Amino acid sequence: MTLTMHDVMTDPMFARTDPTIEAGEADMGGTVRWAYTNERYDIASFLSGGELVIIEGSALLGHMGDDEIIRYVDTLVDAGVAGLAIELVEGVRRVPKAMIARADERGLPVIGMHRRMPFIDLCQSINTSIVKDQLLVQVRTDTLTTTMRTRLATARSAQDVAKILNEIFGESVAIFDSDGLVIAHCGPSIRPADANHPAERTLVLDVRKNGGPLASIEITQRNRLADGRIAGQVDEVIRQVLPAFVQTQPRNAMLAHVLQGPANGYRAGEQEANDAAAMLQAIGLNDVKHLVPFAIGMDSVSSSIDAVSRCLSGDGEEDTSDEDTVADVLEGSMLFGLYAAADGGDSKGPGSGAGSGSDLDTDTNPGSASDANPGPAQSAGTGKAGNRGDTATRLKRRLADVAALPGTWCIYGRAVPSVGMLLDECGLLQFAAHDAAAMPGTGTVTNLLAAAPKRLLGIERTRDAASALQSLMLGDALPDQDPLIRTLEACFDVGGNISKACELLGIHRQTLYNRLAKITGLTGISKEDCMAWPLLLCAAKLKVAELQAAEPAGSRQQPTRSA
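**Here's the deal with the overall build of the protein**
From N to C terminus, the protein includes 18 helices and 14 strands. In the protein, buried positions account for 50% of the 563 residues. Accessible surface, the protein as shown: approximately 25,700 Å² in total, 51% of it carbon and sulfur.

Rendered as C-alpha cells:
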C-alpha cells in the first residue's frame, strides 16, 4: 500500500486542520512520497516529484497576480508534486480563483486547511506514515519472496507454477507462451470486458530469457493491488523458475530479435541489418517490401488474445488470402508482429511506369505540350508501391477491428524497401508502445510516425537525431546524389507548392509528377500521406545540408536544383 492524497486527508494530525479539497479532486489518488514545506516561489527547483507541498499562503499568494499564480501551479505540476496544501486562516482565507482553475486544468490537488496546526507536526505525522508503510512493504516483500522461492522450488511444470502463485496470492493465474497460447491456468476465469463492465484489473508480467520473450503471466488483482516492488520481486523469482518448463521456438526468438529494432533504439547498423535479413529469411519473411510492423496492447491478455488473433487472421473478410501472413510474438500484455498481405499484382494504370529510370527527367523543357497536363494519375507510383499500400491498408482494416475490442489499442507502421529501415521502424514501434506519454489510448489505431518527434527529441546529440530521421525516412532507398533528393528539398523549401517547386528546380510539371511518383515507388510514401510526407521532406532537407557540409570548402558551389 502507498500513501495517497486521500490518505493524507484522513491522517490524524492533518485531519485536525479541517481540510477541504479545493481543486484537482479527480487526481487525489496520486502517491505522496514526502511532505515538505517551503514558501519560495521557485520551490519547484528543490523538488524531485511526489511531494505534498504545505504552505502558509499569505507570504506567497498574497503578493502574486493571476499570471504568477498560474506559473506557480505550472511549475509544481511540471515538478511532479502530489499536491498542494494551503493554510486558509489569516491573510489568505480563500484559494485564488486563478489557482483553482489552473489546478483543475492541470490535475493538481489543492487542499485548503481551515485550522492552524504547526507545519512541522503535519510533516512529521505524514512522513512517519510513509516510512512505516515503506517498512511494512519491504517486510511483506521479503516474506513474499522467501515464500515464493521455497514453494516454487518444488514446481515440476508450468501448471505447478500457476497453482503455487494462485495459492500464495489467492488470485487467478494464467501463463501464456510467446505464441499467446495458454500453457497453464489456475483459479476462476478472468472476467472479460463487456458492454457494461471493463475487464477486471490484472497484473501482467513479461518474463524474458536472454533478452527475448519467454512467457507472459497474468495475475488478477481482486484482493489487493500489487505495487511495483512486489511485481518486480515476483518477476525476478519467476524468471529463475519458469525457463525450465517453457521453451521459446527459434522462430519466435528470431522474430522478437527483429521486432526489438536497433540496439541503440533508433538507427540500425550495417551488421544489425545483415543479421536481421538472415533471420527474416529463416522465418520466411524475406520480402521486406511487403512487411508492415505493428503492436497491439491489451488491458487483459486472457480477455483479449483470442479475439485479437481472430481479427488479425481476417476471419470474415472477403478478400482474405491464404498467402496473407501474420507473424507475431507476445511480450507481456503487448503483441508485436509483422504483417504481410498477399501480392496483389502490378498496377497497370497510367502511372505504372513512373518508377522506371526513363521517366525521371522527361519533359524538362518548360513550355512543352505536356506542361499543360498535370497528369492526374501520375502520383499512383509503381506497382510495388501500390502493393505496399495495399498491405498497409489491409492491416489497418484488421487493426480497426482489433481496436473495437474492449481494452485494446494498436500502432501500425509502413512497408519499407530495406531491412535497415524496417529495423528503424521497429525501434520506433518499441518506443511508441512502451513510452507512457507516447502510448495511444484504448480503442485507437495510431500511426507509429506520430511518435517520431518525441523519440528524436530524446536523442541527446542533434547530429544523431538528424541521422536517425534520415535513416528512418530515406534509408538507402534514394541515392545520396539522386535528383530525387533535390526534388524533395525543393518541395520542403516551397511548402509543397507544385508551381514554385517546378520554378525552383527549373523543370516541367510533368517531370515533377514523374519524380514524385518514383519517390513514392521507392519509399512507399505518397504526397497525400499527411503524416509521413512532411517527415520525408525534412529528412531530405537535412540530407542535402549534410552533403553540402561534407564538400571541401573550396569546391562548394551554389547548388543546382535541376539534374
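Next, the rest of the story.
**Overview of the sheet that holds strand β5 (residues 110-113)**
Pairing is mixed across the open sheet formed by 5 strands, whose spatial order is β1-β5-β4-β3-β2. Among the strands making up the open sheet, the edge pair consists of β1 (19-23) and β2 (34-37). Averaged over all adjacent pairs, the angle separating strand axes in this sheet is 25°, with direction ignored. Two elements, strand β4 (residues 83-87) and β5, share 4 bridges in a ladder whose sense is parallel. Each bridged residue has a counterpart across the sheet, and for A85 the counterpart in β5 is I111.

**Observations regarding the packing of helix α9 (residues 270-283) against helix α12 (residues 419-434)**
Viewed as axis vectors pointing N to C, α9 and α12 meet at an angle of 95°, and their least axial separation amounts to 9 Å. Accordingly, the angle class assigned to the pair α9 and α12 is roughly perpendicular. Side by side, α9 and α12 meet where E272, A273, A276, A277 and L280 of the first sit next to V419, G420, L422 and L423 of the second. Residue classes in the contact of α9 with α12 are distributed as 7 nonpolar, 1 polar and 1 charged.

**Some points on the sheet that holds strand β14 (residues 445-447)**
With mixed pairing, the 5 strands of this open sheet are ordered in space as β11-β12-β10-β13-β14. Strands with a single pairing partner mark the edges of an open sheet, and in this sheet they are β11 (325-331) and β14. Taking the axes of each pair of neighbouring strands and ignoring which way they run, one obtains an average angle of 20° across the sheet. Sheet topology note: the strand β13 (residues 408-412)/β14 ladder contains 3 bridges and is parallel.

**Some details on α9**
Taking 1.5 Å of rise per residue, the 14 residues of α9 would be expected to cover 20 Å, and the 20 Å separating its terminal C-alpha atoms lies within 8% of that figure. Residues of α9 that are buried: A273, A276, M279, L280 and I283. Along α9, the residues classed as buried sweep out an arc of 125° about the axis, all on the same side. What points out from α9, more than 90 degrees from its buried face, is the exposed set E270, Q271, Q281 and A282. Buried residues along α9 sit in contact with α8 (250-259), β12 (334-340) and α12. G284 sits one or two positions beyond α9 and adopts a positive phi of about 95°.

**Topic: the nonpolar core**
Counting 65 residues, the largest nonpolar core has M473 and L488 as its most contacted members. Considering each element in turn, this core owes the most residues, 10 residues, to α12. Those residues within four positions of L488 in sequence are excluded, and the remaining contacts are L474, L478, I519, W533, L536, L537 and A540.

**Quick look at the pairing of β12**
A large share of β12 lies buried, amounting to 7 of its 7 residues. Both faces of β12 are covered, namely the face carrying M334, F336, L338 and A340 and the face carrying L335, G337 and Y339. Pairing geometry for strand β10 (residues 292-298) and β12, over 6 bridges, is antiparallel. Note that in β12 the partner of F294 across the bridge is G337. Bridging between β11 and β12 involves 7 bridges; their strand directions are antiparallel. What sits directly across from V329, in β12, is F336. Joining the antiparallel neighbours β11 and β12 is a turn of 2 residues, in which G332 adopts a positive phi near 65°.

**Overview of the side chain of S418**
Along the chain, S418 falls in the loop between β13 and α12. Among all residues touching S418, those that are not within four sequence positions of it are V288 and D476.

**Here we look at the pairing of strand β9 (residues 212-220)**
Counting buried positions along β9 gives 9 out of 9 residues, so the element sits mostly inside the fold. Once strand β8 (residues 202-209) ends, the chain turns through 2 residues before running back antiparallel as β9, passing N210 with a positive phi of about 55°.

**Notes on the packing of aromatic side chains**
Inspection of the entire model under this criterion finds 1 aromatic pair. Ring geometry for Y41 against Y72: centres 6.0 Å apart, planes inclined by 25°, an arrangement best described as stacked. Here Y41, found in the loop between β2 and β3 (51-55), pairs with Y72, found in helix α3 (residues 66-79); they are 31 residues apart in sequence, far enough to count as distant. On the basis of relative accessible area, Y72 is assigned to the buried category, the value being 0%. Directly above the aromatic system of F431 lies the positively charged group of R455, at a separation of 5.5 Å from the ring centroid.

**Remarks on the packing of α8 against α9**
The N-to-C vectors of α8 and α9 enclose an angle of 140°; their axes lie 9 Å apart at closest approach. When the axis of α8 is compared with that of α9, the two are oblique. Along this stretch, α8 crosses α9, giving a crossing that reads as left-handed. Along the contact surface, α8 presents R251, M254, L255, H257 and V258, while α9 presents A276, M279, L280, A282 and I283. Residues of the contact of α8 with α9, tallied by class, amount to 8 nonpolar, 1 polar and 1 charged.

**Comments concerning a nonpolar patch on the surface**
On the surface, a cluster of nonpolar side chains totalling about 270 Å² of accessible area is made up of W34, V131 and L135. By secondary structure assignment, the location of W34 is in strand β2. Judged by relative accessible area, W34 falls into the partly exposed class, the value being 37%.

**Focus on the environment of F46**
Within the secondary structure, F46 is located in the loop between β2 and β3. C-alpha of F46 to C-alpha of A79: the two residues are 33 residues apart in sequence and 9.1 Å apart in space. When neighbours within four sequence positions are excluded, F46 is seen to be in contact with Y36 and R40.

**Some thoughts on the state of the cysteines**
This model, assessed by the stated rule, comprises 0 disulfides. There is no disulfide at C491, and the cysteine sulfur nearest it, in C502, is 8.4 Å away.

What counts, and at which threshold
Residues numbered from 1 in each chain as written. Predicted model: local features only at pLDDT ≥ 70, side-chain atom pairs only at ≥ 80, totals over all residues. Heavy atoms only, no water. Helix = DSSP H or I, 4+ residues; strand = E, 2+ residues; numbered from the N terminus. Buried < 20%, exposed > 50% of the residue type's maximum accessible area, 1.4 Å probe, protein only. Areas by Shrake-Rupley, 256 points an atom, 1.4 Å probe, with all protein chains shown as cover. Pairing = 2+ DSSP bridges. Axes fitted to C-alpha atoms, helices over the stretch in contact; angles between N-to-C directions. Parallel < 35°, antiparallel > 145°, perpendicular 65-115°, else oblique. Contact = heavy atoms within 4.5 Å. Nonpolar A, V, L, I, M, F, W, Y, C, P; charged D, E, K, R; others polar. Expected span 1.5 Å × (residues − 1). Arc of directions from axis to C-beta. Core = buried A, V, L, I, M, F, W, Y, C linked by side-chain atoms within 4.5 Å. Phe/Tyr/Trp six-rings, centres within 6.5 Å; stacked < 30°, edge-to-face > 60°. Lys NZ or Arg CZ within 6 Å of the ring centre and 35° of its normal. Left-handed = near helix turned anticlockwise from the far one by under 90°. Patch = residues over 30% accessible without salt bridge, like charges linked within 9 Å, V, L, I, M, F, W, Y side chains within 5 Å. Salt bridge = Lys/Arg side-chain N within 4 Å of Asp/Glu carboxyl O. Disulfide = S-S within 2.5 Å.

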